[in-house]
There are 2 protein chains.
Amino acid sequence: MQARAAPASIGQRLDEVDTPALVLELDAFEKNLAALAAAVKPYAVRLRAHAKTHKSPDIARRQLAAGAIGVCCQKVSEAEAMVEGGVRDVLVSNQIVGAGKIERLAALAQRARVGVCVDDADNVRALAASGAKLDVYVEIDVGMGRCGVQPGEAAVSLAREIEKHENLRFAGLQAYQGRAQHVRSVAERRALIEEAGRKVTQTEELLNKAGIECPVVTGAGSGTFMFEAQSGLWNELQCGSYIFMDADYGRNEWAAPLPRFEHALFVLATVMSRPSASQAVVDAGLKASSVDSGMPFVWQRPGLVYAAASDEHGRIEIAAGAEAPRLGEKLLLVPGHCDPTVNLHDWYVCVRKGVVEALWPVAARGALY
Amino acid sequence: MQARAAPASIGQRLDEVDTPALVLELDAFEKNLAALAAAVKPYAVRLRAHAKTHKSPDIARRQLAAGAIGVCCQKVSEAEAMVEGGVRDVLVSNQIVGAGKIERLAALAQRARVGVCVDDADNVRALAASGAKLDVYVEIDVGMGRCGVQPGEAAVSLAREIEKHENLRFAGLQAYQGRAQHVRSVAERRALIEEAGRKVTQTEELLNKAGIECPVVTGAGSGTFMFEAQSGLWNELQCGSYIFMDADYGRNEWAAPLPRFEHALFVLATVMSRPSASQAVVDAGLKASSVDSGMPFVWQRPGLVYAAASDEHGRIEIAAGAEAPRLGEKLLLVPGHCDPTVNLHDWYVCVRKGVVEALWPVAARGALY
């Protein structure tokens, strides 16, 4: 249940929607679903779409219908929302530490196929003690410098620890190079994934030598997934942002083999002040569009630049000669970073050809635990 | 009603609380309430505390008990949550544009004393057409460069427009210098408020000349309020952050006449990975602690530096010789910016001497409209 009423009703025109609202353009969203499916079709990879991006079982179900075999989540509470919404295969692509969280993860494994990542032997034993049947992935650090053991022997030793426990199954390697996703040039992104691939290979060879089967190598994001797919090393992709294509991903170079995705996610805002000829202020600030990866940009309004965000305001500079927005006019903003922006809203206002077609709850909004 | 269950229960010890959780240290919070009340007591000013910071009627009621005469909000939906929670005097310190929003504001004015700011004559007429009895404040730009008319004649002309309408009352000037709040040096903050004061004076003189009474000059924030109080020009203060004192305000210079507030707001996080001797990763990233004004810092753990946030992770660097946190250990973080951090959570876990004493909903969380 969402705590807050939706800012729109079905059948309304976009300009009747209350603001700020999170708008999903369904045509672009569906094209993005199809574009990723088509791009990876020639390769021996499956898609496990990342639900941290959208937090919506409605979207997850559409990803499954387009060929995804399940979803990833980052939090147990996110996974709970997905299972509640009908998803039957969830990988928590993250370490789950603490008795309470492990207990909830174990309860979830009664209702769905549940995977989890590890980078610590004590954590493996804590998961085992829950008695839950879990797919356990060893996370290796392939260049992101965040969680994960170092590639090689440390991963083998952790896989051995997993195999000691009857209720745990060593499901493979979590090998996500998050740092590569927003490196601007295609060539540099490719090089970072090649480097990550060498770390995967090194680890797989040692696992083979130890007689440990590694069924899945999972990872990849929307900025690099074709390199992982073409490498033959990864057989599962965790793309999330491709469905929305935010402003920061838009600043990446896009070239073959990566398909170009369309901007499908917007924040609708109202011009609430026109203090001067060169300035407009909209009612969407950083509580409506996360600015951690830069400012949103104004969609299809040349000469309007969203220059600065405060909590509830966005300051828009109007270039000389640009068509100035009038007081009360509504503008679409393309958010800088989709994931944390979605997490600020309770509803997707789903629009097709300017009309509200559906309202989907951001069911896992605020699912922090 | 909050959509999400609280991460704690009353009587728990802090280390039993699920993470990430928004923690309010009640002793520090109460000291901050008292410190502001004591500091402004000698001056002819009243406090209208800003509820955009806390979004909680539970906190608003405590501010009223400590002497505040009402609250400010930035959004109609925030004001609705405050009135719902028992607050009877709310100023929406912002422009409210659009028929739907004005209709809701008018409905609210049936249930409470409601004020609103304007910077446009058409907007005044739209407010008048609602038929609602409203206190209307003319916002003047005293140096922030956001909303508001220029000080002087433009303000007088808008006040005249307000006075034309029987249901509207010209209540005074909104004169908030937001840009001054985070300027580091006390001397520079004081100078910016002196400059803002000259703009207030200039406008008041013209209002007097036009025979228009200006009952209230409202504004000020936690970084400057003593300068407004001492100026004799402002008679209402809109401080918000003083109750929490975030990391960014902590970077300000604090010296007389400004009292020093204590950090009272924290994000409790769990160490979920210890990938190396020099690094820990916590389960609170930018969806748990807004990074728009810088990273959070680790509370009372010398040598631990929260260096980078991703969506669900915080990377903590451990200095050589520092006491390293163990896997599963819980750390308190002081958020960079309190307002948008609060807006990411559904509950305040209110703690006194390490024990959960109360759970307060962030009732206006996501109140964007």
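Higher on the page you've got the structure.
Bear in mind the structure is a predicted one, so any value in this text is a computation, not a measurement.

Novice: Even after reading the chapter, I still don't get the overall build of chain A, so can you show me in this structure?
Specialist: Per the secondary structure count, chain A includes ten helices and 17 strands. Rg of the C-alpha trace for chain A: 22 Å, near the compact-globule value of 21 Å for 369 residues, within the 12% margin. Seen along its three principal axes, the alpha-carbon backbone of chain A occupies a region of about 70 × 45 × 35 Å. For chain A, the proportion of its 369 residues judged to be buried stands at 59%.

Novice: Would you mind going over the environment of B:Arg190 with me for this structure?
Specialist: Counting through the fold element by element, B:Arg190 comes out in helix H7 (residues 186-209). Along the backbone, B:Arg190 and B:Ser310 are 120 residues apart, and their C-alpha atoms lie at a distance of 37 Å.

Novice: In this structure, what is going on with the interface of chain B and chain A? I would like to understand it.
Specialist: In this complex, chain B contributes 50 residues to the contact, which on the side of chain A involves 51 residues. Counting residues per element, the ones that place at least two in the side of chain B that touches chain A are strand E4 (89-95), helix H5 (121-129), strand E10 (265-276) and helix H10 (338-342) of chain B. Among the elements that take part in the side of chain B that touches chain A, E10(B) stands out by supplying five residues, more than any other.

Novice: Explain the relation of the copies chain B and chain A to me, please; I cannot follow it from the model alone.
Specialist: The relation between the two copies of this chain is a rotation about an axis and a shift parallel to it. You can overlay chain B on chain A at an RMSD of 0.0 Å; the transform is a turn of 180° with a shift of 0.0 Å along its axis. The transformation relating the two chain copies, once decomposed into turn and shift, fits a two-fold axis. Scanning chain B for the C-alpha nearest the rotation axis identifies B:Ala3, at a separation of 2.4 Å. Here 100% of the interface residues in chain B have copies in chain A that are interface residues too; the copies meet face to matching face.

Novice: Where do I start with helix H2 (residues 57-65) of chain B in this structure?
Specialist: The periodicity of an α-helix, 3.6 residues per turn, causes residues three or four positions apart to be oriented the same way. All names here are of chain B. Taken residue by residue, H2 has Pro57, Ile59, Ala60 and Gln63 as its buried positions. Each buried residue of H2 lies within a common arc of 155° when the element is viewed along its axis, so the set occupies one face. The inward-facing, buried residues of H2 abut helix H1 (26-40), strand E2 (46-50), strand E3 (70-73), helix H3 (76-84) and strand E17 (355-361).

Novice: Looking at this structure, how should I read the sheet that holds strand E6 (residues 134-139) of chain A?
Specialist: Adjacent strands of a sheet form backbone hydrogen bonds with each other and so pair up, either parallel or antiparallel. Reading around the circumference, E2-E3-E4-E5-E6-E7-E8-E9 (chain A) is the order of the eight strands in this closed barrel, with parallel pairing throughout. Here helix H3 (residues 76-84) of chain A sits on the sheet in contact with strand E3 (70-73), strand E4 (89-95) and strand E5 (113-118) of chain A, set at roughly 175° to E4(A).

Novice: How do you make sense of the nonpolar core when you look at a structure like this?
Specialist: Burial of nonpolar side chains together is a common tendency in soluble globular proteins. Core analysis: the largest hydrophobic core is formed by 257 residues, its most contacted members being A:Val136, A:Val349, B:Val136 and B:Val349. Not counting the four nearest positions on each side in its chain, A:Val136 is found in contact with A:Val116, A:Val118, A:Val124, A:Leu127, A:Ile162, A:Leu168, A:Arg169, A:Phe170 and A:Ala171.

Novice: Where do I start with H7(B) in this structure?
Specialist: All names here are of chain B. Its 24 residues give H7 an end-to-end C-alpha distance of 34 Å, which sits within 8% of 34 Å, the value for a rise of 1.5 Å per residue. For H7, every residue scored as buried is listed here: Arg189, Leu192, Ile193, Ala196, Gly197, Lys199, Val200, Thr203, Glu204 and Leu207. Looking at the buried residues of H7, the elements they touch are helix H6 (153-163), strand E7 (168-174), strand E8 (216-219) and helix H8 (225-231). Glycine 211 occupies a position one or two residues after H7 and carries a positive phi of about 75°.

Novice: For this particular structure, what's the right way to read the packing of helix H6 (residues 153-163) of chain A against helix H7 (residues 186-209) of chain A?
Specialist: The description of two packed helices rests on the angle between their axes and on the distance between the axes. Residue and element names in this part refer to chain A. Packing of H6 against H7 brings their axes to within 9 Å, and their N-to-C directions diverge by 45°. Taken together, the axis directions place H6 and H7 in an arrangement best described as oblique. Every pair of crossing elements has a handedness; the one defined by H6 and H7 is right-handed. Taking contact as the criterion, the partners of Glu153, Ala155, Val156 and Ala159 in H6 are, on H7, Thr203, Leu206 and Leu207. Its residues assigned to classes, the contact of H6 with H7 shows five nonpolar, one polar and one charged.

Each value, and the rule that gives it
Residues numbered from 1 in each chain as written. Chains lettered and ligands numbered in written order. Predicted model: local features only at pLDDT ≥ 70, side-chain atom pairs only at ≥ 80, totals over all residues. Helix = DSSP H or I, 4+ residues; strand = E, 2+ residues; numbered from the N terminus. Rg over C-alpha atoms; globule rule 2.2 N^0.38 Å. Buried ≥ 20, exposed ≤ 12 C-beta atoms within 10 Å, placed from the backbone. Contact = placed C-beta atoms within 7 Å. Least-squares fit on C-alpha atoms with pLDDT ≥ 70 in both. Arc of directions from axis to C-beta. Pairing = 2+ DSSP bridges. Axes fitted to C-alpha atoms, helices over the stretch in contact; angles between N-to-C directions. Core = buried A, V, L, I, M, F, W, Y, C linked by C-beta atoms within 7 Å. Expected span 1.5 Å × (residues − 1). Parallel < 35°, antiparallel > 145°, perpendicular 65-115°, else oblique. Left-handed = near helix turned anticlockwise from the far one by under 90°. Nonpolar A, V, L, I, M, F, W, Y, C, P; charged D, E, K, R; others polar.

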